[in-house]
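Each chain is listed here by its residues.
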Amino acid sequence: MTTLIPILGDQLSADLPSLANANKKNSVVLITECMEEATYIRHHQKKLVFVFSCMRHFAALLGSKGWQVDYIKLNSKNGPASIPQSIERAVKRHKCKSVVLTEAAEYRLQQSLVALQRKSKTPVTILEDTRFLCNHQQFQDWANSRKQLRMENFYRDMRVQTGLLMDGKKPIGGQWNFDKENRKPAGESVSFPTPRQFKPDEITSDCIAMVNKLFPDNIGHTDNFWFATTAKQAKAALKYFIENALFTFGDYQDAMLVGERFLSHSVISMYINIGLLNPLDVCRQIEKAYHAGNAPINATEGFIRQIIGWREYVRGIYWLKMPDYVDENFFNHTRPLPDFYWTADTRMACMQASIDQTIHEAYAHHIQRLMITGNFAMLTGVNPKEVHEWYLAVYADAYEWVELPNTLGMSQFADGGLLGSKPYAAGGNYINKMSNYCKHCSYKISKKAGEDACPFNYLYWHFLSTNREKLSNNHRLAQVYRTWDRMKDERKAEIAEDSAKFLKQL
Ligand SMILES: Cc1cc2nc3c(=O)[nH]c(=O)nc-3n(C[C@H](O)[C@H](O)[C@H](O)COP(=O)(O)OP(=O)(O)OC[C@H]3O[C@@H](n4cnc5c(N)ncnc54)[C@H](O)[C@@H]3O)c2cc1C
Ligand code: SF4
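Residues numbered from 1 in each chain as written. Chains lettered and ligands numbered in written order. Predicted model: local features only at pLDDT ≥ 70, side-chain atom pairs only at ≥ 80, totals over all residues. Heavy atoms only, no water.

Here the focus is the site of ligand 2. Around ligand 2, a shell composed of M348, A349, C350, I431, Y437, C438, C441, Y443, I445, C454 and F456 is seen. Residues that form the shell around ligand 2 fall into these classes: eleven nonpolar, no polar and no charged. (Near = heavy atom within 4 Å. Nonpolar A, V, L, I, M, F, W, Y, C, P; charged D, E, K, R; others polar.)

Structure below.
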């Protein structure tokens, strides 16, 4: 009685539910590199190398542990067009009597697995993905019990559930959230460690060659590929972060500096999302560093909140609201995404730096994604679906379940405030406070109007004034609108004129 265990490209965890209870002797593990997954969006070249290399390494690891693995390479002859087709073929090939898999994280893929389950003559069991802390039902129950969904409330429940940073029923440090301490700009004299890097081995080099051959026109390149591609390496990267950067993670969480692509960020989201690191294990290690006196509470709490709070919360929102969520467009924004999102060819130093490192590293940190590229897209009225597709393509950690709510909800406010309580809109002052980009920019941050004025300065007010009707009920914007109302008519006219000129040439 052979059981087929298909493992998806982001399920590369030894503790995956479908593997945990399986009997090695009568199971075949199926791992498929398939064109549909590689091309449904034009993924960054480094993202493709990363995913394929991790898949191949994982298959090799399972093989070394005695599993029978059927691995289908992307460039194999007559390769399957889709994951369900690959499963159907493998069932026949291995004469399987049952299929057991772990639910897909993305709606699109999960729908196709459920369709397969319905039509298949061979029984297909789909297990819950227990690597997440909050399952779909639990999130739905939580959401049903609330008038308004807010991450902070959800996060507190997750703290209690996991016991992370808890002293009985109370949060350690006497507060749930230390975010106020986590908004320091970084001086140019502060030095930051580079994340732990790994030399490509033979498997990764093969993937690089394959991606160079099959996807030469996708954004980015495969040069200087340094990501971890095994669980062992990812654990080493996490350890390196804890020992070298966690200490200042909180302080500089929102900071941005020219030439510093990573600052005190962990650069582990891609490892967690693909399954090389377990999110709860990561948090337990971070908590351990706090108890050992190796990290302050603002860094520890801030980091853990991102994982058991934001990461779980956005997944909950995604599954609560799909499939309609992807089409939400609260402001009815219709502008196409400017070309320079693909080339970094822009005079705005903040945009140039954030996009340029995206092209080279398939990585930008949260504030660059939210307050630079995301903010600019919202202020200029770019269609949120185009913004979403860009983020999904360009980052090594991007999977729709986590990327879509972050982009559409958090950064574009396209869900009208379901995920966040106000739009993350900011003018040049914020960027200037949190970075040194403006010092390197051909626009002048101090100028509010005219040819060389910082575009964020007038676009911010243009966005707020244009969307006043939709935002006037938002009490968090009341003060901002009072400032607008006090502005002189001539200043308002300048804002309208500069914005119209800028948007026309965009
Ligand atoms: C527009 C936009 C798009 C985004 N797209 C993605 C995406 O496709 N994939 C993705 O994993 N994250 C996404 N994020 C969230 C966040 O920017 C990244 O998780 C983070 O930048 C990854 O870098 P890091 O590992 O160095 O994170 P750190 O700053 O070191 O944070 C630690 C960990 O917390 C988690 N985390 C932090 N913020 C979030 C968040 N908002 N949502 C979910 N997890 C979070 C990640 O696992 C991350 O590794 C997006 C944010 C925005 C604003
Ligand atoms: S001046 Fe404006 S456009 Fe230039 S870096 Fe600063 S915020 Fe960005």
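Counted by the stated rule, this structure contains four cavities of 30 Å³ or more. Considered as a void within the structure, the largest cavity measures approximately 370 Å³ in volume. Lining the largest cavity we find 23 residues, and of these G9, D10, E37, V51 and Y399 sit closest to its centre. At the level of elements, α2 (35-39), α3 (45-64) and α5 (107-119) are the ones that each hand at least two residues to the lining of the largest cavity. Counting residues per element, the lining of the largest cavity draws most heavily on α3, which supplies five residues. (1 Å grid on protein atoms, 1.4 Å probe; cavity = no way out; pocket = protein on both sides within 12 Å on 5 of 7 lines; lining within 4 Å. Points joined across faces, edges and corners; volume = space filled by probe spheres on them. Helix = DSSP H or I, 4+ residues; strand = E, 2+ residues; numbered from the N terminus.)

What follows deals with the sheet that holds strand β1 (residues 2-7). Read from one edge to the other, the open sheet built from five strands follows the order β3-β2-β1-β4-β5, with strand pairing classed as parallel. Looking at the sheet topology across the chains shown, the edges are occupied by β3 (68-72) and β5 (124-127). Across this sheet, the average inter-strand angle for adjacent strands is 25°, counted without regard to direction. Relative to strand β2 (residues 27-32), β1 is paired through five bridges, and the arrangement is parallel. Looking across to β2, one finds that I7 is bridged to I31. Together, β1, β2 and β3 form the strand contacts of α3, whose direction differs from that of β3 by roughly 160°. (Pairing = 2+ DSSP bridges. Axes fitted to C-alpha atoms, helices over the stretch in contact; angles between N-to-C directions. Contact = heavy atoms within 4.5 Å.)

You can see W484 is positioned in helix α22 (residues 478-486). W484 gets classed as buried once you look at its relative accessible area, which sits at 10%. Note: C-alpha distance between W484 and L459 (25 residues apart in sequence) is 13 Å. In contact with W484, other than residues within four places in its own chain, are W461, S465, R468, K492 and I495. (Buried < 20%, exposed > 50% of the residue type's maximum accessible area, 1.4 Å probe, protein only.)

Bringing the packing of helix α6 (residues 136-144) against helix α13 (residues 297-321) into the picture now. For the pair α6 and α13, the least separation of the axes is 10 Å and the interaxial angle reads 85°. With respect to α13, the element α6 is oriented roughly perpendicular. Touching H136, F139, Q140, W142 and A143 of α6 are Y313, R315, G316, I317, W319 and L320, all from α13. (Parallel < 35°, antiparallel > 145°, perpendicular 65-115°, else oblique.)

When cut into domains, the protein gives domain 1 (2-127), domain 2 (136-195 + 245-321) and domain 3 (340-505). Using only C-alpha atoms to locate each centre, domain 1 and domain 3 end up separated by 39 Å. Buried surface at the junction of domain 1 and domain 3, summed over both partners, amounts to about 1100 Å²; 58% is from carbon and sulfur atoms. Across the domain 1-domain 3 interface, the total number found is seven residue pairs in polar contact (both at pLDDT 80 or more). (Domains from an automatic or database assignment. Buried area = accessible area lost by both parts, 1.4 Å probe. Polar contact = N/O pair within 3.5 Å; in protein donor to acceptor, adjacent residues only side chain to side chain.)

Before going further, it helps to examine the layout of surface pockets. If you add up the space inside the second largest pocket, you get close to 510 Å³. Taken together, 33 residues line the second largest pocket, and the ones lying closest to its centre are S13, A14, A231, G275 and L276. Secondary structure elements with two or more residues in the lining of the second largest pocket: α3, α9 (231-244), α11 (269-274) and α12 (279-291). Split by residue class, the lining of the second largest pocket holds 15 nonpolar, nine polar and nine charged. Residue assignment places the lining of the second largest pocket across two domains, with domain 1 (2-127) and domain 2 (136-195 + 245-321) each supplying three or more.

For the rest of this paragraph, the subject is the site of ligand 1. Around ligand 1 sit 28 residues in total, of which H265, S266, V267, N273 and Y363 are the nearest. Within the contact set of ligand 1, an oxygen atom lies 2.8 Å away from a side-chain nitrogen or oxygen of N273. Isolated, ligand 1 exposes 810 Å² of accessible area, and the fraction of that covered by the protein chains is 99%. Looking at the shell around ligand 1, the elements with two or more residues in it are α11, α13, α16 (366-379) and α18 (400-411). A class-by-class count of the residues in the shell around ligand 1 yields 14 nonpolar, ten polar and four charged. Looking at which domains feed residues into the shell around ligand 1, each of domain 2 (136-195 + 245-321) and domain 3 (340-505) gives three or more. (Areas by Shrake-Rupley, 256 points an atom, 1.4 Å probe, with all protein chains shown as cover.)

The next thing to look at is the pattern of salt bridges. Evaluation of the coordinates by the stated rule reveals 22 salt bridges. Across the pair D251 and K184 runs a salt bridge, and its minimum N-O distance is 3.2 Å. Here D251 is found in the loop between α10 (246-249) and α11, whereas its partner K184 is found in the loop between β7 (170-171) and α8 (202-214), with 67 residues between them in sequence. Judged by relative accessible area, K184 falls into the partly exposed class, the value being 36%. In the salt-bridge network here, residues are joined through shared partners; they are D179, R183, E301 and R305. (Salt bridge = Lys/Arg side-chain N within 4 Å of Asp/Glu carboxyl O.)

So, on to unusual backbone geometry. Note the cis peptide between M322 and P323, where omega equals 10°. Tracing the backbone through its elements, the reader meets P323 in the loop between α13 and α14 (340-343). A positive phi angle is found at N78, which is not glycine, with a value near 50°. Relative to the elements of secondary structure, N78 occurs in the loop between β3 and α4 (83-93).

Attention now moves to the side chain of R315. Within the secondary structure layout, R315 lies in helix α13. Note on R315: relative accessible area 4%, which makes it buried.

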